[in-house]
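Observations on chain architecture
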Amino acid sequence: MTKANSATINTPAWLDRAEYPFTSRFFNTPSGRMHYLDEGRGETLIFVHGNPSWSFEYRELISHFRKTHRCVAPDHIGFGLSDKPYDKSYLPQFHVENLNLLLSSLDIDQATLIMHDWGGPIGMSWALDNPERVSRLVVCNSWFWSVRDHRPMRLFSKLAGGPLGRFLCRYFNFFPRVLMPASFGDKARLTPVARHHFLAPFPTPRSRKGTWVFPRAIVGQSDWLEAQWRRRAPLSDLPLLLLWGMKDAGLSEALLTKWEEAFPRHSTERCADVGHNVPEELGDRAIAPIERFLTANPIKGAGL
């Protein structure tokens, strides 16, 4: 395995660098090249995306915070600008392993994790393995426990992760083409340019495997998810900011409440006009609450 390196070669023709004005870096994992961003200097913010997204959804936050912070934002293998080998499991454990390989190659200490969707289980699993490297948590419509008893998510997993969902994702790019736009609180917030950047990373049926494995894993990986939840204690006293889209039909307020009960040092921003895709829907409106949260919860010893 080689170390991470910077590269701008092989930039896909569909990528608009005006929208995504960052230096692409790549890390060689046993499963392929993992694309990531490493922008700015200072306290580290790690951005972990979900399905069917990639680091593009955090572009407004990274553009702002790289002026004062170090922003690290990977694309999971199978997503964004990372390689998309077909013969991998794409289960959340697979993504945790790759995230750990990448972050272990970087000099990261006292990081703040910013997580959305499946970025929550993946990021929290990494954090639970490395609690000494994590200082704060920011969560956008996510979870990291078994939701087999949560009816909306169980039904979604059955439909989108079943044979029909697999067929539609594989042959019609159904997740970014249909399900993602449908989950916006205000459909107008998904601009044609942004929609193009969520569709383009999946040009072929074989490149879309990750988008249908994740829905199946919502219930299929319940035991693994519950195992993460049971070991939450080392992180439970960390400050937590919840940026929650209240128009999310799947991740209801009951999941938000579970975060609040488990993390006493939480602060919550309920976003009444936002659906599931909080980083994309809020855009630069997410900057102010995150800045307030970082300022109100300084890292001990920082700057000394």
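The structure displayed is predicted, hence computed values, not measured ones.

Our focus in this paragraph is the overall build of the chain. Counting its secondary structure elements, the chain contains twelve helices and nine strands. Relative to its length of 304 residues, the chain is compact, with a C-alpha radius of gyration of 18 Å against a globular reference of 19 Å. Seen along its three principal axes, the alpha-carbon backbone of the chain occupies a region of about 55 × 45 × 35 Å. Across the 304 residues of the chain, 57% fall into the buried class. Excluding contacts between residues fewer than 6 apart, the proportion of contacts in the chain whose partners are at least 24 apart in sequence is 76%. If the 37 positive side-chain charges of the chain are averaged to one point and the 31 negative ones to another, these points end up 5 Å apart.

Of the volumes computed, that of the largest pocket is approximately 460 Å³. What lines the largest pocket is a set of 26 residues, and nearest its centre among them are Phe156, Ser183, Asp248, Gly250 and His276. Those elements that provide at least two residues to the lining of the largest pocket are helix H4 (151-160), helix H6 (174-182) and helix H8 (209-220). It is H6 that provides the largest number of residues to the lining of the largest pocket, a total of four residues. Classifying every residue of the lining of the largest pocket gives 16 nonpolar, six polar and four charged.

The next point concerns the packing of aromatic side chains. Summed over the entire model, instances satisfying the criterion amount to 22 aromatic pairs. An aromatic cluster is present here, built from Trp14, Tyr20, Phe22, Trp54, Phe56 and Phe198 joined pairwise through their rings. Over the ring of phenylalanine 26 we find arginine 33; its NZ or CZ atom is 3.8 Å from the centre of that ring. Between the NZ or CZ atom of arginine 232 and the centre of the ring of tryptophan 229, over which it lies, the distance is 4.0 Å.

With that settled, consider the packing of helix H2 (residues 92-104) against helix H3 (residues 119-129). It is the contact of H2 with H3, at a shortest axis distance of 9 Å, that shows an interaxial angle of 55°. Judged by the angle between their axes, H2 and H3 are oblique. Handedness of the crossing formed by H2 with H3: right-handed. Residue-level inspection shows Pro92, His95, Val96, Leu99, Asn100 and Leu103 of H2 in contact with H3, the latter providing Ile122, Gly123, Ser125 and Trp126. Considering only residue class, the contact of H2 with H3 consists of six nonpolar, four polar and no charged.

The rules we used
- Residues numbered from 1 in each chain as written.
- Predicted model: local features only at pLDDT ≥ 70, side-chain atom pairs only at ≥ 80, totals over all residues.
- Heavy atoms only, no water.
- Helix = DSSP H or I, 4+ residues; strand = E, 2+ residues; numbered from the N terminus.
- Rg over C-alpha atoms; globule rule 2.2 N^0.38 Å.
- Buried < 20%, exposed > 50% of the residue type's maximum accessible area, 1.4 Å probe, protein only.
- Contact = heavy atoms within 4.5 Å.
- Lys, Arg positive; Asp, Glu negative; His and termini not counted.
- Charge placed at Lys NZ, Arg CZ, Asp CG, Glu CD.
- 1 Å grid on protein atoms, 1.4 Å probe; cavity = no way out; pocket = protein on both sides within 12 Å on 5 of 7 lines; lining within 4 Å.
- Points joined across faces, edges and corners; volume = space filled by probe spheres on them.
- Nonpolar A, V, L, I, M, F, W, Y, C, P; charged D, E, K, R; others polar.
- Phe/Tyr/Trp six-rings, centres within 6.5 Å; stacked < 30°, edge-to-face > 60°.
- Lys NZ or Arg CZ within 6 Å of the ring centre and 35° of its normal.
- Axes fitted to C-alpha atoms, helices over the stretch in contact; angles between N-to-C directions.
- Parallel < 35°, antiparallel > 145°, perpendicular 65-115°, else oblique.
- Left-handed = near helix turned anticlockwise from the far one by under 90°.

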